[in-house]
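Fold and geometry: a report
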Amino acid sequence: RPVSVADIRKSFLDFFASKGHTVVASSPLVPGNDPTLMFTNSGMVQFKDVFLGTDKRPYVRAASVQACLRAGGKHNDLENVGYTARHHTFFEMLGNWSFGDYFKRESLKWGWELLTEVYGLPKERLLATVYIDDDEAYDIWTKEIGLPPERVIRIGDNKGGKYKSDNFWMMADTGPCGPCSEIFYDHGPHIPGGPPGSPEEDGDRFIEIWNHVFMQFDMKEDGSVVKLPAPCVDTGMGLERLAAILQHVHSNYEIDIFDALIKAAARETHTADLANPSLKVIADHIRATSFLVSDGVIPSNEGRGYVQRRIIRRAIRHGYKLGQKTPFFHKLVPVLVELMGAAYPNLAKQAQRITEVLKTEEERFYLTLANGMEILDGALAGDQKVLPGDVAFKLHDTYGFPLDLTNDVCRERGVTVDEAGFQAAMERQKAQARAAGKFKMDKALEYTGAGNRFVGYETLESPAQVV
Ligand code: ATP
Ligand code: MG
Ligand code: MG
Ligand code: MG
């Protein structure tokens, strides 16, 4: 049976190739030309236009192992890392697709066959959910596949927001979407958590492993839905979650790749306790940030580059928390390349550059990190439950602490951040900068003797730049 991550990838692709699927390579983490999406958050992203009918491929069935990132934008899991057994920012998604070809029956049956016969998962540990009124999927599970009805759970679109479960999947706020059927694995009663749709579902006992989306609609900006040219299938299974089951561990962070990364992080930060959650964060974040650099995203102060900066600085802060006072994070790159470079040659090819980018960012943040932490520790020294917004802003503005980093520290200490106060302080500073910029412009106009006359874009653009 496949056990290593490499074997799991291969048997997934082999299985779907044997069912007539074309194996497609993973696409970059930055989606090409799609302003609705910050990062590739699932395997279907590279096929978005095929679902919409504006792109055609020479195949109607495809399978892939896709590098995904869920940090920033819809499906953001940054805050879950270090807290759950099942969430990463960067992860690999195993997926198969039908573009107007097969539909629910084949998708669910093949899914079941792969899980129980190829991967050998015990049937009695598996549960399925279906969209609340999807009798067709319900009947396939109960009558054709033979799952006992008590282990097939109907779930709505959660518009009422009662629990987290939601069986209506959307790529982003707009775009392809549809009802779905998900497969869960029960890790056993010794782990806290309840089945999907129950109040305890957010625990890590019943872990969602595979989502089968029956893509049928295109969600428009105004919330209306338009039918896709043809019903499609889009599935996604978390490689690390499946690997955890096959390697007989509970948490994603205990699988082969993470075991090695965590040990390396412990070595570089001189940490004895391998169970320290900061090591998980560092292990997760070295993957995310290295893959981001390999796909061209370098730290900056806006957009994707700022997400990259936030993830790097978060990792460094966790190293600092472990007592590490000098750059260490970039030293994990060779370990990662060793583990994942064969599957992702671009990662291996860019190893040197990744190391340099991370090291530069690390050296830069270390200049202000200790002083910033001192200020934060000081502000949290009392027994208040809220960190004032202006402190969070000062940390952001002067010490390079992204808001989520400050949040992360505060959360560890049971304190929340006054985010409205933070935003207000940010606005005040922007207004001041605008005023200063305007002053500069007036001065510039004075010097040129132009008064209110238009003297060209160079002078007039300066206020916009400082904003
Ligand atoms: P969860 O409810 O556990 O947050 P999800 O419903 O958000 O997962 P989907 O959008 O349905 O996940 O993605 C398909 C599959 O990808 C999931 O069933 C899971 O196996 C995997 N997956 C999703 N998010 C993550 C993540 N942050 N880290 C690792 N694997 C993930
Ligand atoms: Mg999720
Ligand atoms: Mg889910
Ligand atoms: Mg899901």
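Thresholds applied
Residues numbered from 1 in each chain as written. Chains lettered and ligands numbered in written order. Predicted model: local features only at pLDDT ≥ 70, side-chain atom pairs only at ≥ 80, totals over all residues. Heavy atoms only, no water. Helix = DSSP H or I, 4+ residues; strand = E, 2+ residues; numbered from the N terminus. Rg over C-alpha atoms; globule rule 2.2 N^0.38 Å. Buried < 20%, exposed > 50% of the residue type's maximum accessible area, 1.4 Å probe, protein only. Areas by Shrake-Rupley, 256 points an atom, 1.4 Å probe, with all protein chains shown as cover. Lys, Arg positive; Asp, Glu negative; His and termini not counted. Charge placed at Lys NZ, Arg CZ, Asp CG, Glu CD. Salt bridge = Lys/Arg side-chain N within 4 Å of Asp/Glu carboxyl O. Phe/Tyr/Trp six-rings, centres within 6.5 Å; stacked < 30°, edge-to-face > 60°. Near = heavy atom within 4 Å. Polar contact = N/O pair within 3.5 Å; in protein donor to acceptor, adjacent residues only side chain to side chain. 1 Å grid on protein atoms, 1.4 Å probe; cavity = no way out; pocket = protein on both sides within 12 Å on 5 of 7 lines; lining within 4 Å. Sits in = over half its atoms within 2 Å of the grid points. Nonpolar A, V, L, I, M, F, W, Y, C, P; charged D, E, K, R; others polar. Points joined across faces, edges and corners; volume = space filled by probe spheres on them. Contact = heavy atoms within 4.5 Å. Axes fitted to C-alpha atoms, helices over the stretch in contact; angles between N-to-C directions. Parallel < 35°, antiparallel > 145°, perpendicular 65-115°, else oblique. Left-handed = near helix turned anticlockwise from the far one by under 90°.

You'll find the protein chain entered in an unreviewed UniProt entry as Alanine--tRNA ligase, with Hydrogenophaga crocea given as the organism.

This part is about the overall build of the protein chain. Within the protein chain, the secondary structure is distributed over 16 helices and 11 strands. Its C-alpha radius of gyration of 25 Å places the protein chain within 12% of the 23 Å reference for a compact globule of 467 residues. Seen along its three principal axes, the alpha-carbon backbone of the protein chain occupies a region of about 80 × 55 × 45 Å. Buried residues in the protein chain amount to 55% of all 467 residues. Total accessible area computed for the protein chain in this model is approximately 20,500 Å², and 52% of it derives from carbon and sulfur atoms. Considering the protein chain, the positive charge centre built from 54 side chains and the negative charge centre built from 63 side chains are found 2 Å apart.

With that settled, the discussion passes to the pattern of salt bridges. Taken as a whole and assessed by the stated rule, the structure comprises 29 salt bridges. Aspartate 134 is paired through a salt bridge with lysine 104; the nearest N and O atoms lie 3.0 Å apart. Separated by 30 residues along the polypeptide, aspartate 134 in the loop between strand E4 (126–131) and helix H4 (135–145) and lysine 104 in helix H3 (residues 104–118) bring together distant segments of the chain. Here aspartate 134 and lysine 104 have matching classes, each one buried. The partner of aspartate 377 in a salt bridge is arginine 413, and the shortest N-O contact between them spans 2.7 Å. With aspartate 377 in helix H11 (residues 351–379) and arginine 413 in the loop between helix H13 (403–412) and strand E11 (416–417), this pair connects stretches of sequence that are 36 residues apart.

To continue, consider the packing of aromatic side chains. Applying the stated criterion to the full structure yields 18 aromatic pairs. Measuring from ring centre to ring centre gives 5.9 Å for tryptophan 112 and tryptophan 141, while their planes differ by 80 degrees; the resulting arrangement is edge-to-face. Of this pair, tryptophan 112 sits in helix H3 while tryptophan 141 sits in helix H4, placing them 29 residues apart in sequence. Under the relative-accessibility criterion, tryptophan 112 is labelled buried at 10%. According to the relative accessible area criterion, tryptophan 141 is buried, its value standing at 0%. With centroids separated by 4.9 Å and ring planes inclined at 65 degrees, the aromatic side chains of tyrosine 253 and phenylalanine 258 adopt a geometry described as edge-to-face.

With that out of the way, let us pick up the site of ligand 1. Neighbouring ligand 1 are 17 residues, the closest being Asp77, His87, Trp169, Glu208 and Asn211. Separating an oxygen atom of ligand 1 from a side-chain N or O atom of histidine 87 is a distance of 2.7 Å. Against a free-state accessible area of 590 Å², the protein chains account for coverage of 88% of ligand 1. With respect to the detected pockets, ligand 1 is housed in the largest pocket. Of the residues assigned to the shell around ligand 1, the class counts are five nonpolar, six polar and six charged.

Next up on the list: the layout of surface pockets. Within this model, the largest pocket holds a volume of roughly 1,300 Å³. Lining the largest pocket are 49 residues, with Arg70, His75, Trp169, Glu182 and Glu208 sitting closest to its centre. Elements with a contribution of two residues or more to the lining of the largest pocket: strand E3 (90–98), E4, strand E6 (168–170), strand E7 (175–186), strand E8 (206–219), strand E9 (225–238) and helix H5 (239–246). Each residue belonging to the lining of the largest pocket can be placed in one class, and the counts come to 17 nonpolar, 17 polar and 15 charged.

It is worth spelling out helix H9 (residues 333–340) at this point. By the burial criterion, the buried members of H9 are Val333, Val335, Leu336, Val337 and Met340. Contacts from the buried residues of H9 go to helix H1 (5–18), E3, helix H6 (256–269), helix H7 (277–294), helix H10 (345–349) and H11.

Interaxial distance between H7 and H11 falls to 9 Å at its minimum, and their mutual angle equals 115 degrees. With respect to their mutual orientation, H7 and H11 come out roughly perpendicular. The two elements H7 and H11 meet at a crossing, and its hand is right-handed. Together, Ile286, Thr289, Ser290, Val293 and Ser294 of H7 and Arg353, Ile354, Val357 and Leu358 of H11 make up the contact between the two elements. Across the contact of H7 with H11, the residue classes break down as five nonpolar, three polar and one charged.

Another aspect to go through is the environment of serine 26. Mapping serine 26 onto the fold places it in the loop between strand E1 (22–23) and helix H2 (48–52). Placed 66 residues apart in sequence, serine 26 and glutamate 92 show a C-alpha to C-alpha distance of 9.4 Å. With residues up to four places along the chain from it excluded, the contact list for serine 26 reads Val65, Gln66, Ala67 and Tyr344. A distance of 3.2 Å separates a polar atom in the side chain of serine 26 from a polar atom in the side chain of glutamine 66. From its side chain, serine 26 meets the backbone nitrogen of alanine 67 in a polar contact 2.9 Å long.

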